[in-house]
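# Architecture and fold: a report
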Amino acid sequence: MFGEQLMQSPEIHVEELKKDPEFLANIKRLEEECKEEQSIAKGYQLLDAQLIIEAPEDEINEIFTFIVNNAFDRLAEKLSSSQNFDVNDAEDLATARAIYEHGIQRYSENDKKGAKEIFLVLNYVLDHAELKDAMMVHAAAVMAGHTFEHFIENLVDVSAVNENDPLAFFIQTFAQPTDILLTMFAKQVKEGKEELRVLDESK
């Protein structure tokens, strides 16, 4: 039901939604469930709803912090128990998305070491061949010294993104086929795999 309300939201005026008791009750319920279940997937639903009604910045930041902190806790659990993220599991997918978005933010802020580590870890824990390769392209681009702007403008092909794909928030479409990019970045890929070997050895 709540999803339907959100889907219809472009036609609904924001001012009306802010006063809609059902919508506000749903937000309240989501907030409670999100915290009780420590659910990152519900955290994203809540974030979407709060953004639609233009909630105060501190409330939006609080949800962001909740999402990121929980995502990294869950990542640590996955690594310590040698488990992968299953992209068919809503919670795993939301967790991977949060970590990825954090990596993109690090990259855009020119924290290349932080971004590289996040993309490599995602390559390691994602149970999905295309996403694994895409994360390695991200990491290799960082290692090769590409700025975030250069990466987006010259290496990424946004026109090929299918918005209906549940994995659409991960950049996976590039200006050249992924396998060609991985060959071009062979030196960086080798370096990345060396760094990941440490994780394998610590199992």
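Scroll up to find the structure.
Cut-offs used in this document
- Residues numbered from 1 in each chain as written.
- Predicted model: local features only at pLDDT ≥ 70, side-chain atom pairs only at ≥ 80, totals over all residues.
- Heavy atoms only, no water.
- Phe/Tyr/Trp six-rings, centres within 6.5 Å; stacked < 30°, edge-to-face > 60°.
- Helix = DSSP H or I, 4+ residues; strand = E, 2+ residues; numbered from the N terminus.
- Buried < 20%, exposed > 50% of the residue type's maximum accessible area, 1.4 Å probe, protein only.
- Salt bridge = Lys/Arg side-chain N within 4 Å of Asp/Glu carboxyl O.
- Axes fitted to C-alpha atoms, helices over the stretch in contact; angles between N-to-C directions.
- Contact = heavy atoms within 4.5 Å.
- Arc of directions from axis to C-beta.
- 1 Å grid on protein atoms, 1.4 Å probe; cavity = no way out; pocket = protein on both sides within 12 Å on 5 of 7 lines; lining within 4 Å.
- Points joined across faces, edges and corners; volume = space filled by probe spheres on them.
- Nonpolar A, V, L, I, M, F, W, Y, C, P; charged D, E, K, R; others polar.

### Thoughts on the packing of aromatic side chains
- Summed over all chains, the structure comprises 7 aromatic pairs.
- For the pair Tyr107 and Phe148, a centre-to-centre distance of 5.4 Å together with 70° between the ring planes defines the contact as edge-to-face. Highlighted residues: Tyr107 in helix H6 (residues 90–108) and Phe148 in helix H9 (residues 148–155), separated in sequence by 41 residues. You'll find Tyr107 and Phe148 in the same group, each marked buried.

### As for unusual backbone geometry
- With a phi close to 55°, Glu54 is a non-glycine residue in the positive phi region.
- A relative accessible area of 51% places Glu54 in the exposed class.
- Its identity as a non-glycine residue notwithstanding, Asn110 has a phi of 70°, on the positive side.
- On the secondary structure map, Asn110 appears in the loop between H6 and helix H7 (112–125).

### Examining the pattern of salt bridges
- All told, the structure shown has 16 salt bridges when counted by the stated rule.
- Lys35 serves as the salt-bridge partner of Glu62, at 3.8 Å between the closest nitrogen and oxygen. Here Lys35 lies in helix H3 (residues 21–37) and Glu62 lies in helix H5 (residues 57–80), a separation of 27 residues in the sequence.
- With a shortest N-O distance of 3.5 Å, Glu201 and Arg197 are connected by a salt bridge. Linking Glu201 with Arg197, this pair stays in helix H11 (residues 186–201), spanning 4 residues, or about one helical turn.
- By relative accessible area, Arg197 is classed as partly exposed at 45%.

### With respect to the environment of Gly114
- Mapped onto the secondary structure, Gly114 falls in helix H7.
- Considered as a pair, Gly114 and Phe72 are 42 residues apart in the sequence and their alpha carbons are 13 Å apart.

### A few points about the packing of helix H4 (residues 40–52) against H6
- Two elements in contact, H4 and H6, have axes separated by 7 Å at closest approach and are oriented at 65°. Contacts between H4 and H6 pair Ile40, Ala41 and Tyr44 from the former with Ala90, Glu91, Ala94, Thr95, Arg97, Ala98 and Glu101 from the latter.

### Description of H9
- All of the buried residues in H9 are Phe148, Phe151 and Leu155. Down the axis of H9, the sector holding all buried residues measures 85°, keeping them to one side.
- If you follow the buried residues of H9, they end up packed against H6, helix H8 (129–143) and helix H10 (178–184).

### Observations concerning the layout of surface pockets
- Taken as a whole, the second largest pocket spans an internal volume of roughly 220 Å³.
- For the lining of the second largest pocket, the elements supplying multiple residues, two or more each, are H5 and H6.
- Per-element tally for the lining of the second largest pocket: the top contributor is H6, with 6 residues.
- Looking at the lining of the second largest pocket, its residues break down into 8 nonpolar, 2 polar and 1 charged.

### Re the environment of Ala140
- Among the secondary structure elements, Ala140 is positioned in helix H8.
- Judged by its relative accessible area of 0%, Ala140 is buried.
- With residues up to four places along the chain from it excluded, the contact list for Ala140 reads Phe185, Gln188 and Val189.

### Things to note about the side chain of Asp92
- With respect to the secondary-structure elements, Asp92 resides in helix H6.
- Leaving out residues up to four positions away in the same chain, Asp92 has contacts with Lys78, Asn84, Phe85 and Asp86.

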